Amino acid sequence: MITGLHQEDPVIAVILDFLDTLARRVESEIAEGPAIRDSGVANPASAIAQGATDHPTEDYLQLDGMTAITLQWDLDPDHAARLLAVTDC
């Protein structure tokens, strides 16, 4: 589990923050019900699906970037930190 990994590692901290923010958005959509679905703003699932079908959205690009950084962290934590430093994530 990611929360059991190096808590002092800045890459892990950013990833945990990103996942927490994403989870809060999903939870708020569930709590808001139809009002949020009819707001005209794409929810995270729709935005990510659009990105996966060659229509990039901010949510998709952030998730894609975090996934790449996370995979890189597993191979080379220092390189992942450098990647994170040059991204907008």
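These figures come from a predicted structure and were not determined experimentally.

About the thresholds
Residues numbered from 1 in each chain as written. Predicted model: local features only at pLDDT ≥ 70, side-chain atom pairs only at ≥ 80, totals over all residues. Heavy atoms only, no water. Salt bridge = Lys/Arg side-chain N within 4 Å of Asp/Glu carboxyl O. Helix = DSSP H or I, 4+ residues; strand = E, 2+ residues; numbered from the N terminus. Core = buried A, V, L, I, M, F, W, Y, C linked by side-chain atoms within 4.5 Å. Buried < 20%, exposed > 50% of the residue type's maximum accessible area, 1.4 Å probe, protein only.

Visitor: Could you clarify how one ought to interpret the pattern of salt bridges in this entry?
Guide: Where charged atoms from two side chains of opposite charge approach closely, those side chains can pair. As enumerated under the stated definition, the model contains 2 salt bridges in all. In this structure, Arg24 engages Asp20 in a salt bridge whose closest nitrogen and oxygen atoms are separated by 2.9 Å. One end of the pair is Arg24 and the other is Asp20, both in helix H1 (residues 10-32) and 4 residues apart, which spans about a single turn.

Visitor: Looking at this structure, I do not really get the nonpolar core. What am I missing?
Guide: When a protein is soluble and globular, its nonpolar side chains tend to lie buried together. Membership of the largest hydrophobic core is limited to 10 residues, which are Val11, Ile12, Ile15, Phe18, Leu22, Met66, Ile69, Trp73, Ala80 and Leu84. Looking at this core, the elements with two or more residues in it are H1, helix H4 (58-75) and helix H5 (77-85). Ranked by residue count, the leading element in this core is H1, at 5 residues.

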